[in-house]
Each structure stands twice: as structure tokens, then as C-alpha cells.
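Structural overview for review
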Amino acid sequence: AGQGRLSLLHEKQSCKMTSGLFTRVTFRVCVDTQFGDSVFVTGNAPILGYWKTDKGFKLETSADKFPAWEGTALIHSGFSLEYKYIIFRNGEVLWETGPVNRSLKTSLEMMIVDDGWFNGIRVGVQIAPMSDQSKENNVVSKDVKTKEGTRDEKVKSVGNDVGSQGVVIVAAVLPIKVTKTSSGKYEFEWDQLRAVSKLRNKKRNFKYVGWIGIHVPEEDQAQVKERLIKDWCCYPVFLDQNLAYRVFDIFCQSVLSPLFHHIIELAEEGSESCWQWELWHEYEKVNKVYSDLALMPVSQGGPHSPTDRIWVLDYEMMLVPHYASRK
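This report concerns the structure included in the present document. (Residues numbered from 1 in each chain as written. Predicted model: local features only at pLDDT ≥ 70, side-chain atom pairs only at ≥ 80, totals over all residues. Heavy atoms only, no water.)

Focus on the packing of aromatic side chains
- As enumerated under the stated definition, the model contains 11 aromatic pairs in all.
- Relative to F88, the ring of F40 lies with its centre 5.0 Å away and its plane at 70°, an arrangement referred to as edge-to-face. With F40 in strand 2 (residues 38-43) and F88 in strand 5 (residues 80-89), this pair connects stretches of sequence that are 48 residues apart.
- A relative accessible area of 15% means that F40 is categorised as buried.
- Between F251 and Y283, the ring centres sit 5.3 Å apart and the planes meet at 50°, which makes this aromatic pair tilted. Note that F251 is positioned in helix 4 (residues 241-260) and Y283 in helix 5 (residues 277-294), a separation of 32 residues in sequence.
- Ring pairs connect the aromatic residues F27, Y83 and Y85, which therefore count as one cluster. (Phe/Tyr/Trp six-rings, centres within 6.5 Å; stacked < 30°, edge-to-face > 60°. Helix = DSSP H or I, 4+ residues; strand = E, 2+ residues; numbered from the N terminus. Buried < 20%, exposed > 50% of the residue type's maximum accessible area, 1.4 Å probe, protein only.)

Quick look at the pattern of salt bridges
- One pass over the structure, following the stated rule, counts 11 salt bridges.
- With a closest N to O distance of 2.4 Å, D308 and K207 form a salt bridge. Separated by 101 residues along the polypeptide, D308 in the loop between helix 5 and strand 17 (309-312) and K207 in strand 15 (residues 205-211) bring together distant segments of the chain.
- Classification of D308 as buried rests on a relative accessible area of 11%.
- One connected set of salt bridges, linked through shared partners, spans E96, R102, D115 and R122. (Salt bridge = Lys/Arg side-chain N within 4 Å of Asp/Glu carboxyl O.)

Here is the structure:
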């Protein structure tokens, strides 16, 4: 019983420590294996071995679960994952034969991916969003003990000292889901799965700067921008889809993120996880675009007022303070 409680405590602590940085992805697939077979999942993430079969993520099964194989891996949140299942059989590797890789966009906080059968179609994905800690973060006052004795004293919580000042929040991606219907109409929805979405308070003048996650043709950008600013206080950065992929998915996820989380592997020359000066310069370019928009005055259609503070989130935006402080 004691060991069970310790295991549960460790699980809760692990979830709390990784919240916001990683998604706990449980891969589940049914495989009609033979005695001695092993099942792995491999793909474009470090923990999946970057498509190297000898470094894939091993799945497990048991008598009561067979033919289902499963395993839980920590993968960076917001990552565009591509992967396939493989079977090790008598020294040979058997790949799934589908022409298209399986894909998944990781999100906070836990995901259970039921991929059906080997070579089959996905059954579904269960998502558990990040727990809402707003009650803990909105404490306005409490009793404090001072040298003069005990008295009621207002104690401001983090974020409550903003007063009448505005806060321009710069994040890689806006906390808004933007979709374009078949009729060409754009629809908008607050994205609760993004960490920046928790920074929302009607009493505070929060303004958001970031990419909207999809390609918007130039002729549609004005109307999308107007809706986002008017209804959501969101100021969109319009990026070319290929540029966004190279900066966020390749450079940030394959180079910066593993480095910052002490995942150090020798990258093969020419691989995505190898340092490329071209990607670094594109990273600089994107950060400069975000910085310029964050500091654009309200009189010019931007979010920034003279008394506003700028709050920069995400390691994708590390150079924004550098550019902003030199304006």
C-alpha cells in the first residue's frame, strides 16, 4: 500500500513538473505479433529516435492487454509529430506500409492516442487539458503577521500590481483557433489548450501578439486582423507557412528545445537536429517581426501604449527582448 501511494505521488509530481513544457503522450496500437516480437514507435521527435529504428520508443503489452501494445512518452508541447510503428522480428524490421506517416499535434497536458491496428486507421485521441490554477493565482488578500502584530493587509498576488497599465503578451502562437470554412468564412475560438490562454483577465488590459497558426492569403489579412483585435485583443503575425515550420518545428523543436532540456545527442551532418546558420537567421528575422509588432503604437494600429509593459513568453521568442530594448 505504501509503495502504491509513493507511485501515485511520483505520478502527480511528474505531471506537475512537466506541465506546460511537455505532453504525456500514450501511444496505443493493436499488433498481431509472434512470440519474441517487439513493437516500437519511431518518428521525428528525439524520444522516438528521429526515425532511427535502433533508437525508437519501445511499447509494452501483457497477457490481459494483448494484442494491444502501449507506452507513454514525454514530447514537447505544440510539436507537429510524425511517426510510424515498427516490429522487430528475428533481426528484421517490419514497417507500417502506409504511404503517409501518422501525425499528431501535441497539446497540454496528456493525450491518449488509440491508433487502432498496425497498418490500420486511428480510432481516436483523448485529451486532458492543463489544470486550471486560476483560483491559486487570483488570491487578492490575506492576513499577514507583522512586527506590530496581526492585522488585515492587502497582499497583491502575482500579476495584480499591473493597475491601469496594459500588458502586451508576446507568444509564438496566439491563444486563438482560427479556421477557414469551405465557404471562405473565418471562424475564431479561444484555445484553452495553450498555456498563454491562462493569462486572461477581463479586469486587466491584456493584449496578445503572435502567429495564428494557419496561412492567411494577403487579401484576407485585413479582415482577419480586424476581427482578432476587435473581439479578442489579439494582434496577429502573418507568417509564411514554410518559414513558420522551419523556425518553430525544425529549429526550435529539433535544436533549441533538446539543448535547453539537456537532451544532447550527436546529430548527423545534414539532419534537422544539426545547427544551420540559415535557420538561425530565419529565427532572428521572425523574432524581429514579433518585436516590431509588439512595440507598434496604438495610433498606427498596434497594441502598444506608452505605459504598457511587455511580457514575452516561449523560448521561440528569446530575441524579442533584445530587439525591443534597443528601440
